[in-house]
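One letter stands for each residue in the lines below.
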Amino acid sequence: MEFKVKDLSLAEWGRKEIELAEKEMPGLMAIRAEWKAKQPLKGIRITGSLHMTIQTAVLIETLVDLGAQVRWCSCNIFSTQDHAAAAVVVGRNGSPSNPKGVPVFAWKGETLEEYWWCTERALDFSGPEYNSAESAEPKGGASSVNAAAKTVGATQGGGQSRYRGPHQIVDDGGDATLMVHMGYEYDRAGDVPAPKPEDPTDLKELLLCLARIQKETPGRWQKTVPEIRGVTEETTTGVHRLYRMEKEGKLLFTAINVNDSVTKSKFDNIYGCRHSLIDGLNRATDVMIGGKTAVVCGFGEVGKGSAQALRGQGARVIVTEIDPICALQAAMEGYEVKTLEDVVEFADIFITATGNYNVITVDHMKRMKDGAIVGNIGHFDNEIDMAGLAKVPGIQKTNIKPQYDKWTFPDGHRILILAEGRLLNLGCATGHPSFVMSTSFSNQTLAQIELAQHLDKYEKKVYILPKHLDEMVARLHLDHLGVKLTKLRPEQAEYIGVPVEGPYKPSHYRY
Ligand code: NAD
Ligand code: ADE
């Protein structure tokens, strides 16, 4: 079995945490119980590009239990929990010397070159275990397994004639989808453009990776795309990319927008970030938050959870917004709403949660006070202009510990940056806790089943799951919290015009 993770000896620790997580993920466990015998994902090859955490391990093993063949990479260079990755590779019945789990290509602290290599490996199902019955059992001893993963830049196995890609993708932020779409476009053009000096580093690395693939397995993506049934997308930023591709007529397969299930964005993005923002800040800085002035840029779902968490710690929270509705919401919640320019010189903590870019510019960072803490909880690394910061003449970067750096400006003032401007809750801590990820990943699993079972209902467009499934996901999480639901009586159902068994709200209801 091909894989590349940090250290398989971490698997035992990972397995213990996975077992604890399972207890906190009642939605995924109920889906396993309901669907395992029916094997709705049987024969489906799934590539996942989503933070390789303990919670994701439970998702991966749910997909496997439902019959899928799975390969996985992370969607962020810093977010992998190495013990989770090791446990998934070893599997429930394997050992470090005889791994029997799922091929994972992820470790904490990948370079961008390695990141795209991992994504590409997760998209390649050409190996013998997928091609012949006699090699269905993963092979290899401890010493051979990590070595079996080809080194970055090495020739890929497979070759075009027996090349196999995924049928379905689980994506978070859209990078696996992007790689397939760009690969397909350049396959058709017969050429991958050379990176331009002004391109962001991750785009440069993607182009170099695609050029290598085109040389080694020309036509690979043209073979891949017709077999892809669709993608289920986890996050706001990835969903924006998909709608844009649909609008431009570029979407090559069906997409299910998992983010906008109510039981995803109104839970993970808000309550998940309410938990993990503080976790990341504390683990990295250990600075007292109470009494400080904290600025949250963006008062969408993630911003709402972040502002609440900071206020809960006793910080004075100031919000910045571009949208009058969200600005008014923030004001009604009692937050001051200002521009960054108004507050940049005196605030202590700055958190970006916009999904936009260049929200905190180099000019802002030049004006911040000595010791200001700057972090991002949105998807990419450009909400804070990290590329611009590195170019400031005379600036010095001092690493304090992994994912925590001090940047000293030529005038001597310092700012402290978390996770190099990438999402701090997964770079500096372990992301959202299991219970809230159970709601997100129940939606992911149902969306994957939907693609596998009912593709005929869908075109090459972006869809959200029907409301009855959203309500089902919520229902699966009630008992765990001791929630007692009131039963709607038939005459009441008639009066408000909804079915007794739901859905209880029209699709335009905003919660
Ligand atoms: P959202 O659209 O609900 O909120 C973003 C808000 O930022 C909007 O209200 C928008 O008006 C505002 N905004 C945009 N540009 C701005 C600017 N220049 N200044 C101030 N405000 C601005 O999106 P969301 O669901 O809150 O997600 C935000 C980001 O967080 C996305 O990138 C998403 O993918 C990511 N996300 C991260 C996690 C995590 O665990 N770290 C979880 C969920 C989502
Ligand atoms: N996104 C936020 N938290 C996460 C987690 N714990 N696992 C996977 N994805 C996440």
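For the structure itself, consult the block above.
The following refers to the structure shown. Since we're looking at a predicted model, the values are computed, not measured.

## Focus on the packing of helix α1 (residues 11–23) against helix α4 (residues 82–90)
One can describe the packing of α1 onto α4 by two numbers: an axis separation of 7 Å at closest approach and a directional angle of 95 degrees. Classified by the interaxial angle, the pair formed by α1 and α4 is roughly perpendicular. Contacts from A11, W13, G14, R15, E17 and I18 in α1 reach H83, A84, A86, A87 and V90 in α4. Among the residues making up the contact of α1 with α4, the classes are represented as 7 nonpolar, 2 polar and 2 charged.

## Here we look at the sheet that holds strand β7 (residues 293–297)
As summarised here, the arrangement of the 8 strands in space is β9-β8-β7-β10-β11-β14-β13-β12, forming an open sheet in which the pairing is mixed. Each having just a single partner strand, β9 (336–337) and β12 (396–401) make up the two edges of the open sheet. Bridge count for β7 against strand β10 (residues 349–352) is 4 bridges, and the pairing is parallel. Counted as the bridge partner of V295 is F350 from β10. Sheet strands touched by helix α14 (residues 301–312): β7, β8 (316–320) and β10. Its angle to β7, the strand with the most contacts, is close to 175 degrees.

## Focus on the site of ligand 2
Taken together, L50, H51, T53, Q55, T56, L426, T430, G431, H432, M437 and F441 make up the full set of residues adjacent to ligand 2. One of the side-chain nitrogen or oxygen atoms of T53 is found 2.7 Å away from a nitrogen atom of ligand 2. Note that a nitrogen atom of ligand 2 is positioned 3.5 Å from one of the backbone N or O atoms of T430. Bound to the protein, ligand 2 loses 96% of the 260 Å² it would expose on its own.

## Regarding the site of ligand 1
Within the structure, ligand 1 sits among 26 residues, and T235, T236, T237, V302 and E321 are positioned closest to it. In the environment of ligand 1, an oxygen atom lies 3.0 Å from a nitrogen or oxygen atom belonging to the side chain of N269. Interatomic distance of 2.9 Å between a side-chain N/O atom of N425 and an oxygen atom of ligand 1. In isolation ligand 1 offers 850 Å² of accessible surface; the protein chains occlude 86% of this area. Each residue belonging to the shell around ligand 1 can be placed in one class, and the counts come to 8 nonpolar, 14 polar and 4 charged.

So, how was this worked out
- Residues numbered from 1 in each chain as written.
- Chains lettered and ligands numbered in written order.
- Predicted model: local features only at pLDDT ≥ 70, side-chain atom pairs only at ≥ 80, totals over all residues.
- Heavy atoms only, no water.
- Axes fitted to C-alpha atoms, helices over the stretch in contact; angles between N-to-C directions.
- Helix = DSSP H or I, 4+ residues; strand = E, 2+ residues; numbered from the N terminus.
- Parallel < 35°, antiparallel > 145°, perpendicular 65-115°, else oblique.
- Contact = heavy atoms within 4.5 Å.
- Nonpolar A, V, L, I, M, F, W, Y, C, P; charged D, E, K, R; others polar.
- Pairing = 2+ DSSP bridges.
- Near = heavy atom within 4 Å.
- Polar contact = N/O pair within 3.5 Å; in protein donor to acceptor, adjacent residues only side chain to side chain.
- Areas by Shrake-Rupley, 256 points an atom, 1.4 Å probe, with all protein chains shown as cover.

Note that every value here comes from positions in space, so none of it alone points to a role or purpose.
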